[in-house]
Amino acid sequence: MIEARDLRKEYGGFVAVDGSTFSVDGGEVFGVIGPNGAGKTTTLKMLAGLLDPTDGSAEVAGYDVSETEMRHHLGFLPEESPLYEEMTPISYLSFFADLYDVDSDVAEQRIHDTLDDLDLEHRHRQLGDMSKGMKRKVAIARSLINDPEVLIYDEPASGLDPLTTNYIIEFTERLAEEGKTIIFSAHNLFHVESICDRVVIMNEGKIVARGDLDQLRQEYGETTYHVYTTVELDDSIRENGRYRAVVESMDAVDSLRSAATEAGGEVIDIRTEESSLEEVFLNVAEAGTTGDRYVEEGRQ
Amino acid sequence: MKPRKLLRIARWEVQKNAGGLDRRTVAITVVMIVLFAAVSPLIAAGGVGLEDGIYRVGVDEDSQYYGVAQSDPTFEIVAGADERDLRTGDIELLVDGRTIRVADSRKGSAAYSEFRESVQRYNNQQLAGEANQTAAFPVEVTVEFREQSDPGGTDGQTDDGTTTDGGNGGDGSGGTDDGSTDGGATDGSDGDTDGGTDGGETDGGSTDGSGDGGTAGGSVGSAAPTLGQDQISGSPADISPPFPFQSLVLAFVFVIPLNFLIQAYGSTMLSERLNRRGELMLVSPVSRLDIIGGKTLPYFLGAMAVEGVIAVSLFYIAQGGLGGAISLFAVMPIVLLFLSATFLGAMFARSFKELTFITVTITVVLTSYAFVPAIFTESGAVALISPLTLVVRELQGEALTLSAVVFSTLPPLLTAGLFFGLGSGLYREEDLFDQRSLPGKVLDALAVPISRPRHVGIMTIVLIPFVFVSQLLAIALLFAVQQVSVQLATVLILVVVAVVEEFAKSLHIYAAHTHNRFERTMRMAVILGIASGVGFFVGEKIALLAQLVGLQEVATAEAGLSGGIAQGPILLLFLLAPLMLHVVTATISAVGAKGSRRSYLAAVTVAIVVHLAYNLTVVSAVA
């Protein structure tokens with residue numbers, strides 16, 4: 001559904017995005033994460049046709065991103081979506097429905113359905129009088145006005161309170177369940193982890209890691225083993241009447257098992273704990289930009 | 001471009017702005033527009049009577065001066081006034097039989113002076129009402145104010161060289177119309193600076209016109225016999241040179257609304273840029289031309305509507321009927337020029353503070369362009385630089401030639417197109433929301449369309465209307481200097497020409513280098529210099545339009561617009577020399593442009609000096 005091939009964007013001598021290549025399948029939720037200035041937003045804007053790539057190409061829904069027709073199949077939600085505050089939600093959404101050639105009857109129904117789904121009240125109040133969360137809901141409704149197959153959401157919950165944030169993340173999950181293809185960028189990696197099938201991690205304009213979450217953890221994260229014994233061992237701590245030791249390999253677990261037996265005790269429980277996406281991200285970021293380290297070798 | 005979407009955006013622009021206005025603001029705006037529309041024609045027609053009743057005069061109804069005081073609104077008649085009122089300052093004049101007593105004050109003296117003139121006018125009016133006009137006016141003189149040159153052909157000169165102006169009444173007492181006195185003479189077109197004086201001196205008809213005289217028929221005591229005013233008779237002492245009051249007011253009336261309009265237009269364009277408001281429209285399936293066109297259309301139509309009301313109103317007052325179509329057509333390039341310059345300015349500005357500075361600059365420069373030449377409507381061909389001159393001439397009932405209309409309207413139209421083109425090049429994500437400095441934005445606008453050397457030549461051609469309009473503006477502004485010293489004005493215009501043309505040939509080359517469009521080699525500099533020089537040479541021939549209407553008769557214009565039309569064997573030289581000049585100077589600048597900004601400025605300075613030296617040489621040779 002989305003293909004990016006060697007996307008590159010330069011501003012003068014500054015390389016904002018350097019040779020990004022990835023693909024997103026239909027119905028997939030794809031995350032783009034990275035620190036500030038990593039090139040996430042620039043990449044998303046090139047996919048939305050807002051920025052012309054200095055080099056490389058991209059297709060969305062089968063159209064080159066430079067084609068106007070592509071925009072009929074795309075819903076774009078920028079990180080900041082200041083609205084025309086003199087307008088009401090209804091007039092604002094109706095205007096964009098016209099620009100997207102949506103039939104007026106269909107548009108009217110779709111506007112009300114979407115605003116119902118988003119639980120947005122005060123539909124005839126001027127946008128300037130609305131809260132930030134309500135404005136964001138209107139912006140999301142605008143991204144859906146043309147019922148697009150592909151959604152590009154750049155930090156959809158940025159700067160919102162936790163309640164609204166959760167609402168928007170859940171709403172995005174529902175969109176994914178409906179079969180929309182979504183590219184999703186967020187600073188809050190918990191959100192990415194909760195809804196994304198695959199992610200790319202960008203740093204200094206380059207994709208430095210990619211894959212599904214399990215693969216990324218395996219490659220860049222750590223699995224720790226919490227071994228609970230009935231006897232005290234070296235480096236173990238007492239916890240609720242038993243002793244817990246933390247090791248990072250199965251060989252170490254076996255060693256602990258032998259040591260416990262020799263001490264007249266036994267291993268009563270072993271629990272594994274995997275790195276969060278945030279820890280993976282930090283590991284990748286610490287590794288620097290030594291190259292595009294692909295988890296899925298050969299995947300374009 | 002899709003008209004349906006453009007119109008939808010235009011409708012949205014109106015709705016959006018209407019939604020931001022409260023009823024009070026709307027009401028105040030409507031009242032102001034109505035007042036402006038109502039008062040402007042009155043002012044243009046001769047004022048609003050601010051001096052009414054400023055002098056008080058004590059005069060009895062049976063006095064022969066009563067009618068005088070009554071006929072002049074400047075005077076307020078105070079019934080039953082006496083000597084005491086004069087001393088206390090309650091009145092300025094007291095008519096006592098045949099004696100007029102004057103208050104001992106400066107206002108009293110002024111009132112007396114005015115009263116004397118009123119007596120003279122009153123007497124003339126009484127004489128004008130006499131049945132026997134020959135007895136009333138035994139000697140009649142028609143004074144005709146002629147232009148120094150009349151490119152519009154309104155002087156009635158016919159194809160065979162005869163003149164039919166002035167005294168075509170045919171009473172046989174004066175000059176002849178067979179061309180014997182000046183037949184075939186090309187006064188005003190031979191470039192003589194004295195052409196302006198021979199019009200009224202040698203034409204036979206200048207002393208015998210009686211009633212059905214020329215289109216610019218004379219008047220005594222009135223500078224401009226227009227806007228429904230009748231000819232006024234009087235003594236030779238009343239003759240005064242024409243002061244372009246009505247031209248000035250007419251130009252003013254048309255230009256003022258545009259200055260208000262561009263404030264709103266600039267704001268709406270800039271507001272799309274602030275806080276990235278316009279980003280969502282850019283990502284929707286509409287072209288940037290749809291967006292720009294849709295946002296501009298309401299302001300263009302609004303401006304044309306206001307100008308249309310003014311034009312029709314003034315035409316009705318002036319001619320007593322419906323009309324003003326030519327005026328409306330002539331105003332259109334001015335409207336587009338104001339809008340396009342504001343649009344480009346809004347693309348450059350980073351804040352409303354900067355936009356204010358830009359719109360003020362636009363107001364001053366474009367108002368000068370439209371306004372200054374137009375006030376010389378009755379003085380010479382230089383007036384045709386401004387399209388408003390067409391408006392003034394239509395309202396004064398003068399004929400307009402096609403060449404005059406083209407000359408006045410085409411340069412601003414093309415310049416407006418250039419401004420819109422440059423601005424639309426910046427109407428994209430990476431420039432629209434960028435906070436680069438104003439010079440950086442200018443370079444961006446110039447560099448966007450350039451990716452190959454031939455684009456440099458095309459861009460140079462595209463910039464020609466701007467060059468032309470800049471030079472015309474300089475000519476208009478230096479017209480006053482020309483009245484003092486033709487030599488000084490000529491040198492100044494040559495300097496302006498050299499500076500404008502050299503930057504027009506090279507600034508986009510420098511802009512392209514700042515965006516790394518070309519290799520920074522000597523070979524590439526020469527290629528770009530040749531492309532730009534040739535492009536300028538081709539585009540410069542648009543200046544020939546000026547010669548269609550004889551503008552080069554204005555000495556500064558002749559200097560500024562590359563001399564007259566060469567004839568005979570030197571034609572080739574006149575073609576090759578400027579071509580060589582433009583190629584050489586453009587190459588000099590291009591060499592500098594491949595380096596730093598400092599090296600570019602140094603190179604373009606050298607190019608300007610070379611250009612100036614060439615111009616001085618040519619002008620000296622022609623002289």
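Data block above holds the structure.
Residues numbered from 1 in each chain as written. Chains lettered and ligands numbered in written order. Predicted model: local features only at pLDDT ≥ 70, side-chain atom pairs only at ≥ 80, totals over all residues. Heavy atoms only, no water.

Regarding its fold elements, chain B presents 25 helices and four strands. Each of the 623 residues in chain B was classed as buried or not, and the buried ones make up 48%. In chain B, once contacts between residues fewer than 6 apart in sequence are set aside, the share between residues at least 24 apart is 70%. About 28300 Å² of surface is accessible on chain B, with carbon and sulfur atoms providing 62% of the total. (Helix = DSSP H or I, 4+ residues; strand = E, 2+ residues; numbered from the N terminus. Buried < 20%, exposed > 50% of the residue type's maximum accessible area, 1.4 Å probe, protein only. Contact = heavy atoms within 4.5 Å. Areas by Shrake-Rupley, 256 points an atom, 1.4 Å probe, with all protein chains shown as cover.)

With that out of the way, let us pick up unusual backbone geometry. Residues and elements named next belong to chain A. Notably, Glu 204 is not glycine yet its phi reads approximately 50°, a positive angle. Mapped onto the elements, Glu 204 comes out in the loop between β9 (198–203) and β10 (206–212). For Glu 204, a relative accessible area of 57% corresponds to the exposed category. Phi is positive for Asn 240, close to 55°, though the residue is something other than glycine. Examined against the element boundaries, Asn 240 turns out to sit in the loop between β12 (237–239) and β13 (242–247). Given a relative accessible area of 74%, Asn 240 falls into the exposed group.

Often, the extent of an interface is quoted as the loss of accessible area on bringing the components together. The interface of chain A with chain B comprises 30 residues on the first partner and 24 residues on the second. The largest contributions to the chain A side of the interface with chain B come from Leu 50, Tyr 84 and Leu 99 of chain A, which together make up 25% of the buried area. Inspection of the chain A/chain B interface yields seven salt bridges. We note a salt bridge from Asp 98 of chain A to Arg 8 of chain B, for which the minimum N-O separation is 2.3 Å. Across the chain A-chain B interface, the total number found is twelve residue pairs in polar contact (both at pLDDT 80 or more). For the side of chain A that touches chain B, the elements supplying multiple residues, two or more each, are β1 (2–11) and α2 (89–99) of chain A. Its residues placed into classes, the side of chain A that touches chain B shows 15 nonpolar, five polar and ten charged. (Buried area = accessible area lost by both parts, 1.4 Å probe. Salt bridge = Lys/Arg side-chain N within 4 Å of Asp/Glu carboxyl O. Polar contact = N/O pair within 3.5 Å; in protein donor to acceptor, adjacent residues only side chain to side chain. Nonpolar A, V, L, I, M, F, W, Y, C, P; charged D, E, K, R; others polar.)

All names here are of chain A. Here strand β11 (residues 223–229) pairs with β13 via five bridges, running antiparallel. Directly across from Tyr 228, in β13, lies its bridge partner Arg 244. Following β12, the chain reverses through two residues before pairing antiparallel with β13; Asn 240 in that reversal takes a positive phi of roughly 55°. (Pairing = 2+ DSSP bridges.)

What follows concerns the sheet that holds strand β2 (residues 75–77) of chain B. Hydrogen bonds between backbone atoms are what pair the strands of a sheet, whose relative direction is either parallel or antiparallel. Residue and element names in this part refer to chain B. Taken in spatial order, the four strands make up an open sheet running β2-β1-β3-β4, and their pairing is mixed. The open sheet terminates on both sides in strands that have one partner only, identified here as β2 and β4 (99–102). This sheet shows a mean twist of 25° between the axes of neighbouring strands, independent of strand direction. Sheet analysis places strand β1 (residues 55–58) next to β2, joined by three bridges and oriented parallel. Following the sheet pairing, Tyr 55 is matched in β2 by Phe 75. (Axes fitted to C-alpha atoms, helices over the stretch in contact; angles between N-to-C directions.)

Given two aromatic rings, one states the distance between the centres and the angle between the planes to describe the pair. A full pass over the atoms with the stated rule returns 14 aromatic pairs over all chains. Where Phe 95 of chain A meets Trp 12 of chain B, the ring centres are 4.5 Å apart and the plane angle is 10°; that geometry is what we call stacked. Taken together, the positions of Phe 95 of chain A in helix α2 and Trp 12 of chain B in helix α1 (residues 3–19) put the pair across two chains. Consider the rings of Tyr 510 of chain B and Tyr 600 of chain B, whose centres lie 4.8 Å apart with planes at 5°: the pair is stacked. Here Tyr 510 of chain B is found in helix α20 (residues 486–514), whereas its partner Tyr 600 of chain B is found in helix α25 (residues 597–622), with 90 residues between them in sequence. Note on accessibility: Tyr 510 of chain B and Tyr 600 of chain B belong to one class, buried. Here the aromatic residues Tyr 84, Tyr 92, Phe 95 and Phe 96 of chain A together with Trp 12 of chain B are joined through ring pairs into a cluster of three or more. (Phe/Tyr/Trp six-rings, centres within 6.5 Å; stacked < 30°, edge-to-face > 60°.)

This part covers a negative patch on the surface. A surface patch of like charges, here negative, comprises Glu 222, Glu 248, Glu 273, Glu 278 and Glu 279 of chain A. As for its placement among the helices and strands, Glu 278 of chain A is situated in helix α9 (residues 277–287). (Patch = residues over 30% accessible without salt bridge, like charges linked within 9 Å, V, L, I, M, F, W, Y side chains within 5 Å. Lys, Arg positive; Asp, Glu negative; His and termini not counted. Charge placed at Lys NZ, Arg CZ, Asp CG, Glu CD.)

Another point: helix α18 (residues 464–477) of chain B. Residue and element names in this part refer to chain B. With 14 residues, α18 extends 20 Å between its outermost C-alpha atoms, agreeing within 8% with the 20 Å of an ideal straight helix rising 1.5 Å per residue. Of all the 14 residues making up α18, twelve are buried; the element is thus mostly covered by neighbouring parts of the structure. Where α18 is concerned, the buried positions are Ile 464, Pro 465, Val 467, Phe 468, Val 469, Ser 470, Gln 471, Leu 472, Leu 473, Ala 474, Ile 475 and Ala 476. (Expected span 1.5 Å × (residues − 1).)

Take the sheet that holds strand β2 (residues 14–24) of chain A next. Residues and elements named next belong to chain A. Spatial ordering of the open sheet is given by β2-β1-β4-β5, a layout of four strands whose pairing is antiparallel. The open sheet has two edge strands with one neighbour each: β2 and β5 (63–64). With respect to the sheet, helix α1 (residues 40–47) is in contact with β1, β2 and β4 (55–60), its orientation differing from that of β1 by roughly 120°.

The next point concerns the pairing of strand β8 (residues 181–185) of chain A. All names here are of chain A. Buried residues dominate β8, accounting for five of its five residues. Pairing of strand β3 (residues 29–33) with β8, which is carried by four bridges, proceeds in the parallel orientation. Paired with Val 29 across the bridge in β8 is Ile 182. Pairing of strand β7 (residues 150–154) with β8, which is carried by five bridges, proceeds in the parallel orientation. From the neighbouring strand, Ile 152 faces β8, where its bridge partner is Ile 183. Read as a crossover between parallel neighbours, the route from β7 over helix α5 (residues 162–177) to β8 is right-handed. (Right-handed = clockwise from strand over helix to strand, strands pointing away.)

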